[in-house]
Amino acid sequence: MVAYLLWFFLGIFGGHNFYLGRIGVAVTQLVLSITIIGMLITIFWVLVDAFLIPGWVRAQNNLLAVQLGA
């Protein structure tokens, strides 16, 4: 839920990617959002991210479970 809230409010700046630990992608989205052409690319990118977030969250949860010894 948190990832989707960040996607909705800060998606254009990569907020959801920072939260999910995808720092390189987040920085790229942040830098691209500064320019007009980059903003157009980022808008499309963020829309695609909406469908990919559940898989990323599942992967992060599995990684955390392994780290905690579950």
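All figures in this text were calculated on a predicted structure; none of them were measured in a lab.

Can you walk me through the nonpolar core in this structure?
A general feature of soluble globular proteins is that nonpolar side chains tend to end up buried together. By size, the foremost hydrophobic cluster in this structure holds seven residues: A3, W7, L20, V46, A50, I53 and W56. Counting only elements with at least two residues in this core, the list comes to α1 (2-10) and α4 (36-68). With four residues, the single largest contributor to this core is α4. For L20, the residues in contact, after removing those within four places along its chain, are A3, W56, V57 and Q60.

Looking at this model, I keep getting lost on the packing of α1 against α4. Mind explaining?
Two packed helices can be described by the angle between their axes and the distance between those axes. Axis separation between α1 and α4 bottoms out at 10 Å; the angle between their running directions is 165°. Classed by the angle they form, the pair α1 and α4 counts as roughly antiparallel. Considering how the two elements wind past one another, α1 and α4 form a crossing that is right-handed. Here A3, Y4 and W7 of α1 lie close against α4, whose contacting residues are V46, D49, A50, I53, P54 and V57. Of the residues that constitute the contact of α1 with α4, the class distribution is eight nonpolar, no polar and one charged.

Would you mind going over the packing of aromatic side chains with me for this structure?
Two numbers describe a pair of aromatic rings. These are the distance of the centres and the angle of the planes. The final tally for this structure, using the stated rule, is two aromatic pairs. Taking 6.3 Å as the distance between ring centres and 85° as the angle between the ring planes, the aromatic pair formed by Y4 and W7 counts as edge-to-face. Taken together, the positions of Y4 and W7, both in helix α1 and three residues apart, correspond to about one turn of that helix. With relative accessibility at 19%, the residue W7 sits in the buried group. Taking 5.0 Å as the distance between ring centres and 90° as the angle between the ring planes, the aromatic pair formed by F8 and F9 counts as edge-to-face. For the residue pair F8 and F9, the accessibility class agrees, reading exposed in each case.

Rules of the game
- The numbering scheme is per chain: residues are counted from 1 as the chain's sequence reads.
- Totals for whole chains, interfaces and linings use all residues, but because this is a predicted model, local features are given only for residues with pLDDT of at least 70 and pairs of side-chain atoms are given and counted only at 80 or more.
- Remark: hydrogens and water are excluded; side-chain values derive from all non-hydrogen atoms of the structure.
- Buried Ala, Val, Leu, Ile, Met, Phe, Trp, Tyr and Cys residues that are joined via side-chain atoms within 4.5 Å together make up what is termed a nonpolar core.
- For each residue, the accessible area found with a 1.4 Å probe, counting protein chains only, is set against the maximum for its type, and the residue is called buried under 20%, exposed over 50%, and partly exposed in between.
- Secondary structure elements are taken from DSSP: a helix is a run of H or I of four residues or more, a strand is a run of E of two residues or more, and numbering for both begins at the N terminus.
- Every residue pair with non-hydrogen atoms within 4.5 Å of one another is taken to be in contact.
- Every axis in this analysis is a line fitted to C-alpha atoms, fitted for helices over the stretch in contact. Angles between the N-to-C directions lie between 0 and 180 degrees.
- Any angle from 65 to 115 degrees is called roughly perpendicular, while one under 35 is roughly parallel, one over 145 is roughly antiparallel, and all others are oblique.
- If you view the pair so one helix is near and one far, a crossing is left-handed when the near helix is turned anticlockwise from the far one by less than a right angle, and right-handed when it is turned clockwise.
- In the scheme used here, Gly and all other residues not listed as nonpolar or charged are polar, with Ala, Val, Leu, Ile, Met, Phe, Trp, Tyr, Cys and Pro taken as nonpolar and Asp, Glu, Lys and Arg as charged.
- Between 30 and 60 degrees the pair is tilted, below 30 it is stacked and above 60 it is edge-to-face, where a pair is any two Phe, Tyr or Trp rings, Trp via its six-membered ring, whose centres lie within 6.5 Å.

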